[in-house]
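Below, each chain spelled out in residue letters.
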Amino acid sequence: MNADERRFEVLRAIVADYVSNQEPVGSKALVERHNLGVSSATVRNDMASLEEDGYITQPHTSAGRVPTDKGYRLFVDRLSEVKPLSSPERKAIRSFLEGAYDLDDVLRRSVRLLAQLTRQVAVVQYPTLSRSTVRHLEVLAITPARLMLVLITDTGRVDQRSVDLGDVITEENVARMRTMLNTAMVGKRLSDASAEVAQLPELAPGELRDVVLRVSTVLIESLVEHPEERLVLGGTANLTRNVADFPGSLRQVLEALEEQVVVLKLLAAARDPGTVLVHIGEENEAAEMRSTSVVSIGYGSRDNLLGGMGVVGPTRMDYPGTMAAVLAVANYVGEILTAR
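The present account deals with the structure reproduced in this document. (Residues numbered from 1 in each chain as written. Predicted model: local features only at pLDDT ≥ 70, side-chain atom pairs only at ≥ 80, totals over all residues. Heavy atoms only, no water.)

**Notes on the packing of helix 8 (residues 190-203) against helix 9 (residues 209-223)**
- Interaxial distance between helix 8 and helix 9 falls to 8 Å at its minimum, and their mutual angle equals 165 degrees. The orientation of helix 8 with respect to helix 9, classified from their angle, is roughly antiparallel. Viewed along their axes, helix 8 and helix 9 form a crossing whose handedness is left-handed. Residue-level contacts link L190, A193, S194, V197, A198, L200, P201 and E202 of helix 8 to R209, V212, L213, S216, L219, I220 and L223 of helix 9.
- Of the residues that constitute the contact of helix 8 with helix 9, the class distribution is 11 nonpolar, 2 polar and 2 charged. (Axes fitted to C-alpha atoms, helices over the stretch in contact; angles between N-to-C directions. Helix = DSSP H or I, 4+ residues; strand = E, 2+ residues; numbered from the N terminus. Parallel < 35°, antiparallel > 145°, perpendicular 65-115°, else oblique. Left-handed = near helix turned anticlockwise from the far one by under 90°. Contact = heavy atoms within 4.5 Å. Nonpolar A, V, L, I, M, F, W, Y, C, P; charged D, E, K, R; others polar.)

Structure, rendered in structure tokens:
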């Protein structure tokens, strides 16, 4: 191998040891632990070169070296492909996720699974309603003057609302209204369905106009975004296991996660269900996230991106393992939700 390739092998070994042991790495330890095929003196020279180029640095208290954000970036960029999980791991993920009974349960299970697999904080964005379409609207008479509306989207989201009509309605008129509403809404994106529903009171027969107006008002509320449900988090306690990875910044990271807006912006960049994105340290736009790395991906299908998911952890992260877990979980969540 040439000098550049040898230096990269030294960097790869430093990343592996530091991620594993959380201790700065010296040349002697590298020669002992890794089959680099060169002398300790050559490794020292390569480390000096890597340090000069900004890929590793020396903490104040140690003679060893640790990777910088630039070093981690080169390491991640040189991963030729995301290593797949083992067959038993993939089988366990599929089995765990397929046990979910609705969208909320799928996302809760995804977060718990990702947090366990990566030992980091897992985040999953709810499918954005603007991309969802209406699969069906069920209209049920709870009493002769009260209806239950059950809106089901193609992503599996179920929203139930009740409507007081102020007057009695016959079963025949409930059926007429159910047909009218489904004809206007089914197969349309939620924003388009909302516009269609807004026009229904004017088009409805005179005897149904007042009822349709009340139902339409409630339905339009169901068709707009639910901002409080945009993000599901899990494994926040994993951050506190390694406080040393966040010198003076752990509180800021936790606050940013709590506010969610910062994380949603990062997940919004994940537009492709097949491509894992990695933002390392200073690459993160938000100042409070610059002690972290964010590994993210879109989920759904190439034709129908539903949302983003990923993990947040320290820059001292097992990147190959984390990227493999994020890719696998996203693939299965996408399969489950687009098949529903």
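**A few points about the environment of L181**
- Mapped onto the elements of the fold, L181 is located in helix 7 (residues 171-185).
- When the C-alpha positions of L181 and L200 are compared, they lie 8.1 Å apart, and in sequence the two are 19 residues distant.
- Those residues in contact with L181 that sit more than four places away from it in its chain are L137, V139, L200, V215 and L219.

**Quick word on the packing of aromatic side chains**
- Applying the stated criterion across every chain, the model contains 1 aromatic pair.
- Ring geometry for Y72 and Y319: centres 5.5 Å apart, planes at 50 degrees, overall tilted. Taken together, the residues span a long stretch of sequence, with Y72 in helix 4 (residues 69-77) and Y319 in helix 13 (residues 319-339) at a distance of 247 residues.
- Directly above the aromatic system of F8 lies the positively charged group of R78, at a separation of 4.0 Å from the ring centroid.
- The positively charged end of R109 is found above the aromatic ring belonging to F96, 5.2 Å away from the centroid. (Phe/Tyr/Trp six-rings, centres within 6.5 Å; stacked < 30°, edge-to-face > 60°. Lys NZ or Arg CZ within 6 Å of the ring centre and 35° of its normal.)

**Re the packing of helix 5 (residues 87-98) against helix 13**
- Remark: helix 5 packs on helix 13, axes separated minimally by 10 Å, with the N-to-C direction vectors making an angle of 40 degrees. As far as their axial angle goes, helix 13 and helix 5 are oblique. The two elements helix 5 and helix 13 cross, and the hand of that crossing is right-handed. Contacts between helix 5 and helix 13 involve R90, I93, R94, L97 and E98 on the former and, on the latter, A328, V329, Y332, V333, E335 and I336.
- Across the contact of helix 5 with helix 13, the residue classes tally to 7 nonpolar, no polar and 4 charged.

**Digging into the pattern of salt bridges**
- Across all of its chains, the model carries 18 salt bridges by this definition.
- The partner of R73 in a salt bridge is E283, with the nearest N and O atoms 2.8 Å apart. On the criterion of sequence distance, the pair formed by R73 in helix 4 and E283 in the loop between strand 8 (277-280) and strand 9 (292-300) is long-range, its members being 210 residues apart.
- Residue R73 is classed as buried on the basis of its relative accessible area, which comes to 19%.
- Linked through salt bridges whose partners overlap, the residues forming this network are R73, D77 and E283. (Salt bridge = Lys/Arg side-chain N within 4 Å of Asp/Glu carboxyl O. Buried < 20%, exposed > 50% of the residue type's maximum accessible area, 1.4 Å probe, protein only.)

**A closer look at the sheet that holds strand 6 (residues 158-164)**
- Strand order in the open sheet formed by 3 strands is 4-5-6, with antiparallel pairing between adjacent strands. Strands at the two margins of the open sheet, each flanked by one partner only, are strand 4 (134-143) and strand 6. Here the strands of the sheet are splayed against their neighbours by 20 degrees on average, with no regard to which way each runs.
- Pairing of strand 4 with strand 5 (residues 146-153), which is carried by 8 bridges, proceeds in the antiparallel orientation. Paired with T143 across the strands is R146, a residue of strand 5.
- Strands in contact with helix 9 are strand 4, strand 5 and strand 6; relative to strand 6, the strand with the most contacts, it is inclined by about 155 degrees. (Pairing = 2+ DSSP bridges.)

**With respect to the sheet that holds strand 7 (residues 231-234)**
- With antiparallel pairing, the 5 strands of this open sheet are ordered in space as 7-3-10-9-8. Looking at strand neighbours, the two that pair on one side only are strand 7 and strand 8, the edges of this open sheet. This sheet shows a mean twist of 20 degrees between the axes of neighbouring strands, independent of strand direction.
- Bridge count between strand 9 and strand 10 (residues 305-314): 9 bridges; the pairing is antiparallel. Note that in strand 10 the partner of Y299 across the bridge is G307.

**Describing the environment of G281**
- Structurally, the position occupied by G281 is in the loop between strand 8 and strand 9.
- Residue class for G281 comes out buried when judged on its relative accessible area of 0%.
- For the pair G281 and D102, spaced 179 residues apart in the sequence, the C-alpha separation amounts to 36 Å.
- Among all residues touching G281, those that are not within four sequence positions of it are D69, M289, R290, T292, S293 and T315.

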